[in-house]
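# Structural features, examined
These are the residues of each chain, in order.
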Amino acid sequence: MFYSLILRVAARVLVPLLLLFSLFMLLRGHNLPGGGFVGGLVAASAFVLYVLTAGVHESRRVLRVEPHTLLGVGLALAYGTGVLALLFGKPFLTSLWVDLHLPVLGDLHLGSTLPFDIGVMLVVVGTALLMVFSVEDRLPGLVEE
Amino acid sequence: MLVAVLSIFVGAALAPLLVRLLGRAAGWVLGLLPLGVFVYFAQTLPQIAHGESLRQTYEWLPLLETPLSFYLDGLSLLFALLVTGIGALIVVYAGGYLAHHHQLGRFYVQLLSFMGAMLGLVVADNVFVFFIFFELTSLTSYLLIGFYHTEEGSRRAARKALIVTGGGGLALLGGLVLLGGVAGTWEFSRMLDLGASVQGHPYYLAIFILVCAGAFTKSAQFPFHFWLPAAMAGPTPVSAYLHSATMVKAGVFLLARLHPVLGGTALWTGTLGLFGGFTMLMSAWLALRYTDLKQILAYTTVMVLGLLTMLLGIGTEAAITAMVTFTVVHALYKGGLFMMAGNIDHGTGTRDLLELGGLWAAMPWTMAGGVATGLSMAGIPPLFGFIGKEVTYEAALHMHTWGLLVLVASVLANVALVGAGLLVGLTPFIGEVKGAFTRDPHEATPSMWVGPLILGIGGLAFGLYPSSIDHTLLQAAQAGILQESHEVHLALWHGITPAFIASLVTFALGGVVYAFWQGLRVSAFMEGVGAVFGWGPGEVFERGLYGGVHLSGAITRRVQNGQFRWYLCATFLSLLVLVGGGMLAGGGGAEFSFSGEIRYYEVALATLILLSIAAAVRTHDRFVAILALSVGGYGVALVYLLFGAPDLAMTQFAVETLTLILLVIVIVHLPGIQGDESIGVRLRDGLVAAGCGALLTTIMSVVIQTSLDLRVSDYLAQKSYTEAEGHNIVNVILVDFRGLDTMGEITVLAIAAIGVYVLMRMPRQKKPSLAAGTSVAASRSDAAETETD
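Along every chain, residues carry numbers that run from 1 in the direction the sequence is written. Whichever chain is written first becomes A and whichever ligand is written first becomes 1, with later ones labelled in order. Local features are withheld for residues below a pLDDT of 70 in this predicted model, meaning they are given only at 70 or higher, and side-chain atom pairs are given and counted only at 80 or more; totals for whole chains, interfaces and linings count all residues.

### Quick look at the domain arrangement of chain B
- Split by domain assignment, chain B resolves into domain 1 (265-522) and domain 2 (560-788).
- Each domain's extent was defined by an automatic or database domain assignment. Look at where the C-alpha atoms of domain 1 of chain B and domain 2 of chain B centre, and you get two points 64 Å apart.

Printed below as a string of structure tokens:
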């Protein structure tokens, strides 16, 4: 942990903002610059910032799931959308789209590319965090002092 | 058929849940799944026996040209029925055998995945679908053999099986690709009548050798036989299944499947006949060297595999009749005998023949199954094994040349088999109770004796009424191998024929072997046979393996000496030599020309990047060096932004930030850069760096001079919204147009992350000479890891 008051205070504001930003990146990706990969990197940066200021132990608690679970869920989502297309009788990984008319949110045009992209995002976050956490496990005190 | 194969895998996924809910009874419930699939295949029998074949194709990714296609003819049906029928019994059996094991759920996952892979293998039509299932059986059997993974012996046996069969699989892949290319189709069903053109092709020899390498390793032919007896280190249900109906039969099945395409040549007959015949003879006698029930059974499996291979090599109508008959005979008795051996082990605490005897009173049900299957193995009438032996002799007698040799070899091998069958099936039960058992002998639970009993009854029923399968299943299977229909007629009694006389000779000699087994086992002759053929090839394999490990260890120590500087130098030097050398060899000189307007902010950006590099090179503080490099990285991201690639720029920004933070975490703990390297080292590094810079500059100037082919970009730009409903072409490419690539990439990413995780968890090697530098080297390589990713 870095004993920097500035960093700690800044992180309290930055971490939620970055996480929100990563979601924003993910969702706008299909039509504007962004996407799951960038979103994942931003989210990973947010978590790494949190690790730096709050320590690995606290981050693990906040994250609730282990990074390798994120890897598994991400891969399952990505592969799952591929298989989903098969169930509809289309070739593997064909994107499926639906139009929803919801009372509050208005018209939504949703595609199976979104869960795929969420899968990509989870894998990216999981990879970055798994690396940081394993480095800390191997050499305790490297991140956390 | 896709549903049938997939249902087994779904069962594998659900197995742990079922075990948690039902406990020991889970085996009975799970057994219903393969039973259901068995029934599904059985009801196609009338159709298949009529000479028809079923073909089903599922296009899952049309552009990949690898449809999930399945083909069911007599041959596939025979094996599918064995895989699922015996599989159902094994699943039930495992529920009893491993009832008290805390990882029964895990075991069922592996066993059912293995079953699904084996079933997929026998019904696959597409070459690649076949190959994937073939490899999947290697992988799942690796897990099954090494199920007792806390024991060194199990791990070693599992590794042996994986390396031998996996290596063979690699050769097979080459053979299949060549075969598909030569035949012009990737479907087995379409290759079947292309035999003549494939055999006349110059690649025939290569295809034949590679396919044989795959089949011989999988089906444990000499000199690759050693992995199979070692594989009995796995739990008994695994041995029973592996030996009787699956895995080892995969190689034989492959040869049978390709018999119409590759078979019939002198090369085919000679190679398969020689290897098969030798394996048969050698392992039959090797079996008699052992006193462990499972060990004896394992070697007799190798013997049968040799026999089947030899019969496929001979390839006449009579030989193929014998081959399909013996496949069923063997599956029935070997599955039952292995389960019986497991029951005896369970009930008495030993599998050693020298300690076993007189179990008839304590284990009546196991005895019923064991004696019936054991006598079938010995080929005693009226069991099905007798018919199997007779038709083998018939096949030898029908040969024009070499018939006598094959007959003598078969008789000699069968003599040993008679001895082994009586030893395994009778000796444990008859006579007096010999030694004191470690456990009080007791009968196994019904789930454990029902399997051997059913298989024993099956052997008896088929022996008494061979007409129940000869005209239907066996005839169809033979037609599948030969691609022409002949009538198959089996009977217990043919009159006094030469084959019958050969059988009588076999019984007489086999009886002698049984009676004098104790003396024979320890005789000098058997010792010699054992030394040369038994563990000889296995020993060579182990030595080769350890030699390889030592060699790669030595190379690793030399190349990966822990100095990050050296790693980078080697990497960039390789790049320089390979790419630069390639460009020079290709004669591609580049002429540096630049046209276009230079804007002021471009100059500013270039200056910033250059300054940051200068700072990184000059500083003696790692922290400053990393920061300076990052400035360069951000500068590059800005370049992307200026030239209209916002997605790329954004990703570069994010990656740069993340790696910067990760590096800072690690690097603040490292000592500063000493800066006391010799002038030679600096000169070397400088030269390599400058060379790489020059190389990249050259490449870039070549690239900008090449006129861009915009067809693909235009296509994507046009179709992005109309076909993939997105305006951001970059993202549409990532998640839609080239989604498969992305899927591969994130899979690689996940594997890399798991690699780092495992690397970080490995115990640190203790090397006294390097003790002082270890921690520095370790953290340096940490930095390398985070940086490269």
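### Some thoughts on helix 5 (residues 113-138) of chain A
- The helix and strand labels rest on DSSP assignments: H or I over at least four residues marks a helix, E over at least two residues marks a strand, and numbering proceeds from the N terminus. Expected span of a helix, by definition, is 1.5 Å for each gap between consecutive residues, and there is one gap fewer than residues. Helix length check: helix 5 of chain A, at 26 residues, gives a terminal C-alpha distance of 37 Å against a target of 38 Å (1.5 Å per residue), a fit within 8%.
- Each residue is classified by how many other C-beta atoms fall within 10 Å of its C-beta atom, where C-beta atoms are placed from the backbone; a count of 20 or more means buried, 12 or fewer means exposed, and values in between mean partly exposed. The buried fraction of helix 5 of chain A amounts to 22 of the 26 residues, a majority that puts the element mostly inside the structure.

### A closer look at the environment of F507 of chain B
- With respect to the helices and strands, the residue F507 of chain B is situated in helix 23 (residues 498-515).
- Judged by C-beta crowding, with 19 C-beta atoms within 10 Å, F507 of chain B ranks as partly exposed.

### Some points on the confidence of the model for chain B
All names here are of chain B.
- In this model, chain B carries an average pLDDT of 86, and 94% of its residues clear a pLDDT of 70 or more.
- Low confidence marks residues 767-789, where pLDDT is under 50. Its contacts with residues over four positions away, or in another chain, come to 28 contacts.
- Of the two predicted TM-score estimates for the complex, the pTM is 0.83 and the ipTM is 0.91. Summary of the metric used: pLDDT quantifies the predictor's per-residue confidence within the range 0 to 100. Throughout, a pair of residues is in contact if the C-beta atoms placed from their backbones lie within 7 Å.

### Brief notes about the nonpolar core
- In this usage, the nonpolar core is the set of buried Ala, Val, Leu, Ile, Met, Phe, Trp, Tyr and Cys residues whose C-beta atoms join them within 7 Å. Grouped together as the largest cluster of nonpolar side chains are 207 residues, with contacts concentrated most on A287 and L311 of chain B.
- Non-local contacts of L311 of chain B, meaning those with residues more than four positions away in its chain, are made with A319, I320, A322, M323 and A395 of chain B.
- Counting residues in each nonpolar core, the second largest holds 62 residues, with L52, V123 and M131 of chain A together with A753 of chain B among its members.

### Looking at the interface of chain A and chain B
- Listed as interface residues are 46 residues of chain A and, on the opposing side, 45 residues of chain B.
- In terms of residue count, the dominant contributor to the side of chain A that touches chain B is helix 5 of chain A (16 residues).
- For the side of chain A that touches chain B, the class distribution of residues is 30 nonpolar, 13 polar and three charged. Basically, the charged four are Asp, Glu, Lys and Arg, the nonpolar ten are Ala, Val, Leu, Ile, Met, Phe, Trp, Tyr, Cys and Pro, and anything else, Gly included, counts as polar.

### Focus: the packing of helix 7 (residues 152-183) of chain B against helix 10 (residues 204-218) of chain B
All names here are of chain B.
- Structural elements are reduced to axes, namely lines fitted to C-alpha atoms, with helices fitted over the stretch in contact, and the angle between N-to-C directions of any two is expressed from 0 to 180 degrees. With their axes 7 Å apart at the nearest point, helix 7 and helix 10 run at an angle of 150° to one another. Where helix 7 crosses over helix 10, the two elements pack in a sense that is left-handed. The residues of helix 10 that touch helix 7, namely those facing V164, T165, G167, G168, G169, A171, L172, G174, G175, L178, L179 and V182, are A206, I207, L210, V211, A213, G214, F216, T217 and K218.
- The residue makeup of the contact of helix 7 with helix 10, split by class, is 12 nonpolar, eight polar and one charged. Crossings are classed by handedness, with left-handed meaning an anticlockwise turn of the near helix from the far one by less than a right angle and right-handed meaning a clockwise turn.

### Some points on unusual backbone geometry
- Put simply, F222 of chain B and P223 of chain B share a cis peptide bond, and its omega is 5°.
- Position of P223 of chain B among the secondary structure elements: in the loop between helix 10 and helix 11 (227-230).
- Between P381 of chain B and P382 of chain B the backbone carries a cis peptide bond, its omega angle lying at 10°.
- Phi angles above zero are rare outside glycine, and R64 of chain A is one such case at about 70°.
- Turning to its location among the elements, R64 of chain A is positioned in the loop between helix 3 (56-63) and helix 4 (67-87).
- Take R64 of chain A: there are 7 C-beta atoms within 10 Å of it, and that puts it in the exposed class.
- Here the phi dihedral of Q483 of chain B falls at roughly 60°; this positive angle occurs in a residue that is not glycine.
- Looking at where Q483 of chain B falls in the secondary structure, it is placed in the loop between helix 22 (467-482) and helix 23.

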